[in-house]
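# Architecture at a glance
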Amino acid sequence: MAALRKQYVVARHVYSEDSFAGDHEKIHRVPKTGLDHVRGCDSKRAKAAVLSLLPIVGWMRSYRVREWLLGDVVSGISTGLVAIMQGLAFSLLASLPPSYGLYTAFFPMLTYFFLGTSRHISVGSFPVLSLMVGAVVTRLVPEDGPPANITSFEGLTPDQQRVLVASSVTFLMGIFQLAMGVLQVGFIVVYLSDTLVSGFTTAAAVHILVSQLKFVLGLDVPGINGPLAIIYTLEKIFVQITLTNICDLVMSIVIMVIVFIVKELNDRYKAKLPVPVPIEAIMVREALKYTLQYYNLYESPIAPSVEVFRESAVEAFPVAIVGFAVAFSVAKVYSIKHDYTIDGNQELIAFGVSNIFGASFRSFAASTALSRTAVQESSGGKTQIAGLISAMMAMMVTVALGFLLEPLPTSVLGALVIVNLKGMLMQFREILYLWRRDKPECVVWVGTCLGAILLGLDLGLAVGLGVELLTVVFRTQFPRCSVLANIPGTDLYRDRKDHLHIFEPKGVKIFRIPSPIFFANIEFFREKLVGFNPLRVLRKRNKALRTIKKLFQEKDNHMTERGLGDLFCQETNEPSVNKEELDQPSDLKGLPFRMDWNAELPTNIRVPRVDLHSLILDFSAVSFLDISALKGLRMALKEFIRMDVDVYIVSCDVHILEKLHNCMFFDEEILTSMFFPTLHDAMLHVLGTHKEDKSTSWFMEQLSFKTVVPRRAEQAFVASNFSFFFIVFKLHVHY
């Protein structure tokens with residue numbers, strides 16, 4: 001049974017923008033200056049601004065101890081186990097000793113606890129960032145060659161040099177994030193679409209997989225950096241494949257199979273399990289049973305190297321962008337799920353300070369990982385108290401159990417890294433989905449992924465951004481325009497190709513522009529408007545008028561017995577005409593008849609037929625108009641107006657209308673009365689202006705002669721195809 005549909009009836013005047021402005025006075029608003037904002041700042045606003053820098057104050061006031069504390073504790077312990085294992089494993093990607101991953105699980109969380117706005121993300125290592133930092137470490141401190149010429153490296157072992165590079169890159173990354181947060185440019189993350197991030201992280205997963213093969217196979221393969229590094233790395237691995245350490249390979253395969261199965265069971269029965277089984281921690285504990293030795297993890301803070309800043313600034317900026325983009329996108333998902341707001345600029349400040357603080361204690365780039373955050377949220381975490389507890393667990397492992405970490409086999413950590421890539425590698429399935437739903441998005445995904453795989457993550461990100469911007473340009477430069485028609489009995493207008501029953505008045509065309517108009521697409525719109533070149537038609541009409549005027553001026557001296565046949569059928573040698581004159585409005589003055597260009601014309605006068613008297617442009621989707629487009633639009637409107645086509649613009653944004661006034665868009669040809677607030681207002685105006693025309697196609701002011709026109713002249717008249725007009729002679733000519 002069809003649902004009852006409500007009806008509404010509105011009776012009002014047909015408005016143009018001019019008449020609407022006359023009946024409804026508009027408030028003139030003056031934009032506030034910076035000084036006005038300072039003057040309007042009271043103590044309440046100042047307090048809110050200060051508290052916004054410490055989000056912990058807000059959620060701590062509403063913390064429900066009895067309801068949330070137990071869940072936060074359980075969640076913190078569960079997340080801590082995962083964070084510890086991931087920190088150890090992801091440190092390999094950064095080309096650092098495993099123990100330094102624990103610092104990333106501890107120090108950045110301490111500051112994010114106070115400054116972050118998300119209550120659920122787990123701050124710590126992220127494989128993509130670890131790999132990007134590792135690329136800088138490998139470039140400045142290669143495994144098979146001398147390090148870069150940096151004075152800060154003097155007196156340091158290779159491991160200490162790598163730690164210095166990683167911490168310095170992280171420190172610079174934090175400076176970039178903090179600066180962007182202070183400058184309120186958190187919006188920059190919107191340029192990294194979900195499709196781009198998906199393709200980029202998938203490519204990173206491929207890089208990570210290849211980088212861990214040497215640990216799983218037990219091969220000695222030096223780190224390679226730069227474009228096509230993944231190809232060269234695979235070449236070196238296959239050259240040494242016969243030297244595979246069977247013990248490492250078997251151990252890695254067993255660990256990957258067990259961890260994969262347990263993780264699948266955790267996902268399948270997560271509703272029944274109070275906490276996920278910490279299978280990574282169990283595997284590490286088993287691997288450590290046979291290898292124990294003391295390792296000192298007590299470290300003092302270090303200062304970053306300014307020389308490393310200079311060497312790594314280009315790589316540190318994309319690391320900062322990617323780290324924030326991933327963290328913000330994950331935080332946004334859980335903020336929507338749990339109904340609270342997050343502040344992008346404050347998140348930049350929080351991560352900036354966290355990375356600066358962590359880098360001072362030898363941690364590397366921190367962000368979040370979706371799998372770790374999912375554990376924190378699904379195990380009952382309500383606030384960042386769970387994150388603080390997970391950080392404390394990392395600290396306890398670092399201080400109390402650090403002697404167990406140095407002998408940990410790298411094949412075990414490599415296997416754990418590979419297993420954790422499942423989610424990112426499964427993103428390859430998105431290719432088919434995107435190809436079926438949105439091909440330009442699929443191009444962005446594939447372009448970003450291939451660029452990042454072949455050229456490296458830093459250049460690949462730039463390639464992805466370039467491809468993404470090209471698709472935006474393509475969509476706006478070549479949008480899907482449409483011709484609208486009225487749905488009978490309504491004030492609704494839809495694409496005429498989509499509906500069977502429509503009302504389309506003869507001579508009226510409604511053209512919808514579905515995108516902003518700017519310098520790159522104005523010519524595209526001009527070509528799509530009506531399917532013909534109005535300037536070409538105008539020039540042909542003006543040429544025809546010049547010919548007709550010349551013939552009528554000579555009729556008194558050259559009129560013979562053949563009469564009108566001679567007048568209109570004789571050949572004329574028209575001299576070259578200035579195009580600027582042909583581009584002016586048709587001058588019909590001095591003609592003894594009224595022109596109808598849509599009538600059948602004589603064979604020697606060729607003018608394209610135009611069955612259009614009104615053109616309505618729907619600007620409802622036009623969000624901005626630049627100066628170049630404004631000039632092009634002005635020229636196009638003048639061309640239509642000069643060929644006697646009425647042009648109307650409807651639903652124009654008020655700011656665009658103000659810009660047209662400020663840029664002197666209007667003159668004696670383009671009038672403000674052409675603008676209407678709605679499409680239906682313009683259509684009613686057109687129907688009221690152009691009623692049924694019962695006149696003939698062409699008709700002239702009647703001409704008559706006292707003498708009788710010879711029969712031969714009548715025959716010539718018929719032979720000249722002048723059935724398109726009717727002439728009655730009224731002039732008195734004496735022979």
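An unreviewed UniProt entry annotates the protein chain as STAS domain-containing protein of Scophthalmus maximus. Under Subcellular location (unreviewed entry), UniProt gives the following word-for-word description of the protein chain: "Membrane".

Once that is clear, we can look at the UniProt feature "transmembrane region" (unreviewed entry) in the protein chain. The feature "transmembrane region" (unreviewed entry), as given by UniProt, occupies residues 69-94, 100-116, 123-142, 162-189, 196-217, 237-262, 316-336 and 442-467 in the numbering adopted here. With 85% helix and 0% strand, residues 69-94 has end C-alpha atoms that lie 35 Å from one another. As a span, residues 316-336 carries 100% helix and 0% strand, and end to end its C-alpha atoms are 30 Å apart.

The angle between the axes and the distance between the axes are what describe a pair of packed helices. For the pair helix H8 (residues 158-182) and helix H14 (residues 344-359), interaxial distance at closest approach is 7 Å and the crossing angle is 155°. It follows that H8 is roughly antiparallel to H14 by the angle criterion. In this structure, H8 crosses over H14, and the sense of that crossing is left-handed. Mapping the contact onto sequence places Ser-167, Thr-170, Phe-171, Met-173, Gly-174, Ile-175, Gln-177, Leu-178, Met-180, Gly-181 and Val-182 in H8 and Asn-345, Leu-348, Ile-349, Phe-351, Gly-352, Val-353, Asn-355, Ile-356 and Ala-359 in H14. Across the contact of H8 with H14, the residue classes break down as 12 nonpolar, eight polar and no charged.

Here six strands make up an open sheet; going across it, the order is E4-E3-E5-E7-E8-E9 and the pairing mixed. Whereas interior strands pair on both sides, the edge strands pair on one side only; in this sheet they are strand E4 (493-495) and strand E9 (675-676). In this structure, strand E8 (residues 646-650) lies alongside E9, joined through two bridges in parallel fashion. Within E9, the position partnered with Val-650 by the bridge is Phe-676. Against the sheet, helix H27 (residues 627-642) makes contact with strand E7 (614-618) and E8, and its axis sits at roughly 140° relative to E8, the strand it touches most.

Taking the largest bend as the criterion, helix H13 (residues 306-338) deviates by roughly 70°, centred on Ser-312. The backbone nitrogen of Glu-307 has a side-chain oxygen 3.4 Å away, supplied by the residue at the start of H13, namely Ser-305. Two residues or fewer after H13 comes Asp-339, characterised by a positive phi angle close to 60°.

Bringing the pattern of salt bridges into the picture now. Under the defined criterion, the tally for this structure stands at 20 salt bridges. Notably, a salt bridge pairs Glu-441 with Arg-475, separated by 3.9 Å at the nearest N-O pair. Taken together, the residues Glu-441 in helix H20 (residues 439-455) and Arg-475 in helix H21 (residues 457-477) connect sequence positions 34 residues apart. Three or more residues are tied together by salt bridges with common partners; here these are Arg-634, Lys-638, Arg-642, Asp-667 and Glu-669.

Attention shifts here to the side chain of His-207. For His-207, the location among the structural elements is in helix H9 (residues 194-217). Owing to a relative accessible area of 14%, His-207 belongs among the buried residues under this scheme. Apart from the residues within four sequence positions on either side, His-207 is in contact with Leu-131, Ile-230, Ala-452, Ile-453, Gly-456 and Leu-457.

Reading the values: the criteria
Residues numbered from 1 in each chain as written. Predicted model: local features only at pLDDT ≥ 70, side-chain atom pairs only at ≥ 80, totals over all residues. Heavy atoms only, no water. UniProt positions renumbered as here; feature names shortened; annotations may be inferred. Helix = DSSP H or I, 4+ residues; strand = E, 2+ residues; numbered from the N terminus. Axes fitted to C-alpha atoms, helices over the stretch in contact; angles between N-to-C directions. Parallel < 35°, antiparallel > 145°, perpendicular 65-115°, else oblique. Left-handed = near helix turned anticlockwise from the far one by under 90°. Contact = heavy atoms within 4.5 Å. Nonpolar A, V, L, I, M, F, W, Y, C, P; charged D, E, K, R; others polar. Pairing = 2+ DSSP bridges. Bend = angle between axes of the 7 residues up to and from the residue. Polar contact = N/O pair within 3.5 Å; in protein donor to acceptor, adjacent residues only side chain to side chain. Salt bridge = Lys/Arg side-chain N within 4 Å of Asp/Glu carboxyl O. Buried < 20%, exposed > 50% of the residue type's maximum accessible area, 1.4 Å probe, protein only.

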